[in-house]
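Notes for the structure review
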Amino acid sequence: QKYVTRRPLKLLEALLVSLLTSLCVFLLAYSFPQCSNNGSHTCKDADNWGEWCGGTSDNSTCIGSKATCFNASGWICKGGGNSGKACRGRGDCEWRGGSCEPVQSDESFGVRLGCPVGQYDELATIFFGTREHSIVRLITQAFPHVPFSNGSLLVAGVTYLFLMLITYGCSFPAGLFMPSVLVGAALGRLVGQLVKTYVDSRVFSGAYALAGAAAMLGGVQRATISLIVIIIEGTANVHFLLPIVVTTCTAKFVGNAFGREGVYEIGLRRKRLRFLEHEPGWLLDLCTAGDVMAHPVVSLSVIDTIGNI
């Protein structure tokens, strides 16, 4: 940014960076299409009643001669002794005088792009959708389907990391906090899904996504205690305390091996803004108070007049 000082150059920089990022995400989204069920359609009159399916045109997910993919995000008993409870077929409700009725939701997750109704494109959802919703799915969703495949997580994580490096220091605000969380959550979720597939199927991949997000923030910001408190308060789950502490401290130590300054300290120094360091430099250890005092010394008496002050 210190080399781009004139307004026309700043405008040109913004246009070029916008063109590069738009071209990159659109090209990747169209080059690696991956459709997943968004949960707005479930199977009806099927052996797997209530499972997610890919819209009314999906004839392969639902099992049974009368099975259909119905526009319902869930099923619930109405009437009878089981009223208000979730059901997976008529038998769950009829034996107590009720019926299994669909529950429809107006909200649907994800961006369709070229996918049919009831599905979303994974990369398009990460790139063009709401980041907050994608991060929540990465950290929480474990059933019935993973929100994003391993390939989509790898492409999204690497791409966002590359774009963060490109846009950092530009003349316009591009953000660092939310992209850092998304990169860490995507790569952490990728590791979690690999561990769940090849090591232990009981693993909760969302915990790896949360730990990855904390590690990314800890490495970028060089923060420890404050970051741990924020994440634990945000999740309201003290069971994640130990992995969050381990990943955050490890990320900070690894980052300090390359440089002790965080990304915000580097930005302040490049802008030549005054910033009080946490610890003084080694040169200050060689100085005394007399080296930095002004001459002659200006002093005040114990009892002095307002005019003298």
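Bear in mind that the values here come from a model prediction, so they are computed numbers and not experimental data.

Attention now goes to the overall build of the protein. Helix and strand content of the protein: 11 helices and 6 strands. For 309 residues, the compact-globule estimate of 2.2 N^0.38 gives 19 Å, and the protein exceeds it by more than 25% at 28 Å. Dimensions of the protein, computed from the C-alpha atoms along their principal axes, are close to 100 × 50 × 45 Å. Looking at the protein residue by residue over its 309 residues, the buried ones come to 37%. Counting contacts in the protein only where the partners sit at least 6 residues apart, residues at least 24 apart contribute 62% of the total. Carbon together with sulfur atoms contributes 62% to the accessible area of the protein, which is approximately 19,400 Å² in total. Of the charged side chains in the protein, 25 are positive and 22 negative; the average position of the first set lies 5 Å away from that of the second.

With that out of the way, let us pick up the confidence of the model for the protein. This prediction gives the protein a mean pLDDT of 82; 95% of its residues lie at or above 70. Across the protein, the element-wise mean pLDDT spans from 78 in helix 2 (residues 91-94) up to 90 in helix 6 (residues 177-198).

Here we come to the state of the cysteines. Here is the idea: a disulfide is a covalent bond, and it sits between the sulfur atoms of two cysteines. Considering all chains together, one arrives at 5 disulfides under this definition. Bridging Cys35 to Cys115, the disulfide has an S-S length of 2.0 Å. Every disulfide takes its handedness from the sign of the S-S torsion; for Cys35 and Cys115 that torsion is -90°, giving left-handed. One end of the pair, Cys35, is in strand 1 (residues 35-37); the other, Cys115, is in the loop between strand 5 (99-103) and strand 6 (119-121), with 80 residues separating them in the sequence. In this structure Cys35 comes out as partly exposed when scored by relative accessible area, which is 32%. For the protein, the bonded cysteines pair up as 1-10, 2-4, 3-5, 6-8, 7-9 when numbered in the order they occur along the sequence.

Turning next to the nonpolar core. Counting 39 residues, the largest nonpolar core has Phe148 and Ile244 as the members making the most contacts within it. Counting only elements with at least two residues in this core, the list comes to helix 1 (7-31), helix 3 (122-128), helix 4 (131-140), helix 5 (150-167), helix 6, helix 7 (205-221) and helix 8 (225-235). Each residue touching Ile244, except ones within four places of it in the same chain, is listed here: Leu210, Ala211, Ala214, Ile228, Ile231 and Ile232. By size, the runner-up hydrophobic cluster in this structure holds 7 residues, among which are Trp49, Trp75, Cys87 and Cys100.

Analysis parameters
Residues numbered from 1 in each chain as written. Predicted model: local features only at pLDDT ≥ 70, side-chain atom pairs only at ≥ 80, totals over all residues. Heavy atoms only, no water. Helix = DSSP H or I, 4+ residues; strand = E, 2+ residues; numbered from the N terminus. Rg over C-alpha atoms; globule rule 2.2 N^0.38 Å. Buried < 20%, exposed > 50% of the residue type's maximum accessible area, 1.4 Å probe, protein only. Contact = heavy atoms within 4.5 Å. Areas by Shrake-Rupley, 256 points an atom, 1.4 Å probe, with all protein chains shown as cover. Lys, Arg positive; Asp, Glu negative; His and termini not counted. Charge placed at Lys NZ, Arg CZ, Asp CG, Glu CD. pLDDT = per-residue confidence, 0-100. Disulfide = S-S within 2.5 Å. Core = buried A, V, L, I, M, F, W, Y, C linked by side-chain atoms within 4.5 Å.

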